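Observations on the model geometry
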Amino acid sequence: MFEEETPPPQRENGGKEIKSTTTERKEVKGISLEAVMKGVEKRFGSGDVAEQVRAAVEKLWATPPTSGLQYDDEPEMKLSSAREFFFAPNEAQLGRHVALLSLRQAGDVKTGKEIDFEGLDKPKKRLLIQTLAVAYHCYSDEHVIGLTAANGVSSLVELLNLKTLVFRFWSIQIMTRVMKMDFWNADDVVKTHPKCAKAVEKLPQSDFFLSNLKANIGGEFSGPCLQILAFVLEFNRRHYPKALLSKRAEIGATLKMWVERTQGKDNTEENNLAGKLFVDFARAMGATTNPISSDRQVESKDPSGEKILTAAEIEKQAGNEAFREKDFDTAIKCYSAAIQLDSKVPAYFSNRANARWKKAEMCNTNNMLRMQLLTLVVGDCEQALQLDGSYQKAMRRKGLALHAMGKREEAYKSLNKLQKTDEIVDRILKENSGT
């Protein structure tokens with residue numbers, strides 16, 4: 001249960017095998033085997049599972065690993081220290097537990113080099129398994145809080161895409177235990193448990209948080225993973241709303257995916273929760289942030305009259321963010337996704353035309369690609385104008401694209417309809433005034 005294979009006997013520096021005495025087995029710096037067993041009994045009761053856990057705990061207590069627990073520049077632990085490390089860790093040791101649980105650090109603790117579990121050598125695999133198993137089976141509430149304060153939840157989330165289901169199960173169970181702690185409900189939790197609060201604030205910003213949760217949608221752990229996401233969103237909405245802003249498009253898309261993939265299955269409760277989370281999150285982001293500048297804003301209303309960002313609007317906002325970062329390919333993809341979701345909004349076509357226009361400006365050496373993009377710009381603008389014949393930005397973008405293609409007469413007709421002109425448009429109109 002705690003290890004892949006039976007570890008070799010523990011030896012002192014001289015090579016002599018360490019024999020566990022009765023005294024050593026009983027107590028280590030205030031933590032005794034009996035106390036650990038009482039904790040196991042409290043959590044698992046009696047029965048076959050509890051018996052297996054007790055046997056595994058006793059085995060680890062008798063022969064814990066003493067190498068690999070410390071950093072490279074530290075001496076190998078003694079047997080009593082190794083027991084303390086696993087069963088009564090202090091704050092610093094809990095930080096090391098977090099490092100052992102992290103796949104990103106398991107390859108190289110000093111540099112944080114990311115490595116897949118299957119790429120670990122056997123000793124490191126064994127340590128990860130033992131650390132995770134002890135956290136699940138033996139941690140007291142105090143140690144669970146300590147693990148959370150040391151950013152341990154982030155390491156647990158890293159394990160949610162592993163093929164070994166028991167790792168995912170243990171990780172989810174530990175995180176569920178964390179979420180059920182009463183202190184989260186206190187209004188002053190940010191002051192009473194600042195490190196725990198900050199750890200949850202950082203989760204949405206991590207590269208793997210959403211992707212690893214999404215990897216479980218529709219699977220055995222889909223429901224618990226949605227509960228984890230719900231907890232993180234609600235906590236940050238209450239205490240750190242800004243932590244969600246930069247990831248709002250990705251979060252909205254994730255919730256939308258959860259709704260779609262759980263429809264029509266035997267998980268109505270999960271589908272309903274995903275739908276509620278999507279609406280609540282969209283409402284919160286729409287109500288607490290200024291809309292990102294765009295051609296137009298599209299609003300829908302729920303029965304309470306509050307603004308809701310639709311799935312299409314979330315895609316459009318993601319496109320706007322990518323456009324500001326000059327990532328025009330991503331912007332085009334996002335605007336296209338918005339159009340697929342709602343093809344009746346002229347701004348989506350106009351925004352995509354603008355992104356294609358910017359990309360065309362970068363095609364200095366590829367004239368064929370440039371002409372193709374300009375043709376697409378004209379097409380997008382025409383689609384926008386079909387939906388709104390007075391749409392000024394679409395008229396301007398269409399005219400500029402036609403002029404860049406050498407179609408000056410058509411460009412003049414489009415630009416001449418503008419109610420307001422600018423220096424660029426005035427110059428083109430003047431050049432073609434005689435046509």
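Quick caveat: nothing in here was measured; it's all calculated off a predicted structure.

Let us look at the confidence of the model for the protein. Confidence in the prediction of the protein, expressed as mean pLDDT, is 80, and 81% of residues score 70 or more. Across residues 4-28, confidence stays below pLDDT 50; counting only partners more than four residues off in sequence or on other chains, it has 47 contacts. Every residue in residues 106-114 is under pLDDT 50, and counting partners more than four places away or in other chains gives 20 contacts.

Our next topic: the packing of aromatic side chains. Applying the stated criterion across every chain yields a total of eleven aromatic pairs. Residues Trp184 and Phe231 carry aromatic rings whose centres are separated by 5.2 Å and whose planes lie at 80° to one another, so their mutual orientation is edge-to-face. Of this pair, Trp184 sits in the loop between helix H10 (165-179) and helix H11 (189-192) while Phe231 sits in helix H14 (residues 222-239), and the two are 47 residues apart along the sequence. There is no split in this pair, since Trp184 and Phe231 are both buried. Following the ring pairs from residue to residue traces out a cluster consisting of Phe183, Trp184, Phe231, Phe235 and Tyr240.

Axis separation between helix H20 (residues 346-361) and helix H22 (residues 392-404) bottoms out at 10 Å; the angle between their running directions is 30°. What the angle tells us is that H20 and H22 run roughly parallel. Of the two possible hands of crossing, H20 and H22 adopt the one that is left-handed. For the pair formed by H20 and H22, the contact residues are Ser350, Asn351, Asn354 and Trp357 on the first element and Lys393, Ala394, Arg397, Leu400, Ala401 and Ala404 on the second.

Turning our attention to the environment of Leu132. Looking at the secondary structure, you find Leu132 in helix H7 (residues 122-137). Taking C-alpha positions, Leu132 is 8.7 Å from Leu100, a pair spaced 32 residues apart along the chain. When near neighbours in sequence (up to four residues on either side) are disregarded, Leu132 contacts Leu101, Leu156, Leu159, Phe167, Trp170, Ser171 and Ile174.

Let's shift gears to the pattern of salt bridges. Counted by the stated rule, this structure contains 14 salt bridges. Where Lys256 meets Glu260, a salt bridge forms, and the shortest distance between an N and an O atom there is 2.6 Å. Of the two residues, Lys256 and Glu260 both sit in helix H16 (residues 248-261), four residues apart, roughly one turn of that helix. Residue classification places Glu260 among the partly exposed residues on the basis of a relative accessible area of 44%. Between Asp380 and Arg356 there is a salt bridge, with its nearest N and O atoms 2.8 Å apart. Of the two residues, Asp380 sits in helix H21 (residues 367-387) while Arg356 sits in helix H20, which places them 24 residues apart along the sequence. Residue classification places Arg356 among the buried positions, given a relative accessible area of 12%. Three or more residues joined by partner-sharing salt bridges are found here, namely Arg352, Arg356 and Asp380.

With that settled, consider the nonpolar core. Within the largest apolar cluster, 85 residues are counted, with the highest numbers of intra-cluster contacts made by Val57, Phe87, Trp184 and Leu255. By residue number, the principal contributor to this core is H14, which donates nine residues. With near-sequence residues (within four places) excluded, Trp184 lies in contact with Thr148, Val178, Met179, Val189, Cys196, Ala197, Val200, Phe231, Phe235 and Arg238.

The subject of this paragraph is empty space enclosed by the protein. This structure, assessed with the given rule, holds three cavities of 30 Å³ or more. If you trace the largest cavity, you find it lined by Val153, Met175, Val178, Met179, Val200, Leu203, Ile228, Phe231 and Val232. Put simply, the parts of the chain that give the lining of the largest cavity at least two residues each are H10 and H14. Of the residues belonging to the lining of the largest cavity, the class tally is nine nonpolar, no polar and no charged.

Cut-offs applied
Here the residue index of a chain counts from 1 through its sequence in written order. Confidence filtering applies because this is a predicted model: local features only for residues at pLDDT of at least 70, side-chain atom pairs given and counted only at 80 or more, and all residues used for totals across whole chains, interfaces and linings. Water and hydrogen atoms were dropped before computing side-chain values, which therefore reflect all heavy atoms in the structure. How sure the predictor is of each residue is captured by pLDDT, a score from 0 to 100. Any two residues whose heavy atoms approach within 4.5 Å are treated as being in contact. Side-chain rings of Phe, Tyr and Trp, where Trp is taken by its six-membered ring, are said to pair if the distance between their centres is within 6.5 Å; with planes under 30 degrees apart they count as stacked, over 60 as edge-to-face, and otherwise as tilted. Under the DSSP-based scheme used, a helix requires at least four consecutive residues in state H or I and a strand at least two consecutive residues in state E, with every element numbered from the N terminus. With a 1.4 Å probe rolled over the protein chains alone, any residue whose accessible area is under 20% of its type maximum counts as buried; one over 50% counts as exposed, and the rest are partly exposed. What counts as an axis is a line fitted to C-alpha atoms, over the stretch in contact for a helix, and the angles between N-to-C directions run from 0 to 180 degrees. Roughly parallel covers angles under 35 degrees, roughly antiparallel covers those over 145, roughly perpendicular covers 65 to 115, and oblique covers all other angles. Take the far helix as your reference; a near helix turned counterclockwise from it by less than a right angle gives a left-handed crossing, and one turned clockwise gives a right-handed crossing. One side-chain nitrogen of Lys or Arg within 4 Å of one carboxyl oxygen of Asp or Glu is enough to make a salt bridge. The set of buried Ala, Val, Leu, Ile, Met, Phe, Trp, Tyr and Cys residues whose side-chain atoms join them within 4.5 Å is what this entry labels a nonpolar core. Here a cavity means grid points, on a 1 Å grid over the protein atoms only, where a 1.4 Å probe fits yet cannot get out; a pocket means an open set of points with protein on both sides within 12 Å along at least five of seven lines; lining residues are those with an atom within 4 Å of a point. Grid points are joined across faces, edges and corners, and a volume is the space filled by probe spheres set on the points. Ten residue types, Ala, Val, Leu, Ile, Met, Phe, Trp, Tyr, Cys and Pro, are classed as nonpolar, four, Asp, Glu, Lys and Arg, as charged, and the remainder, Gly among them, as polar.

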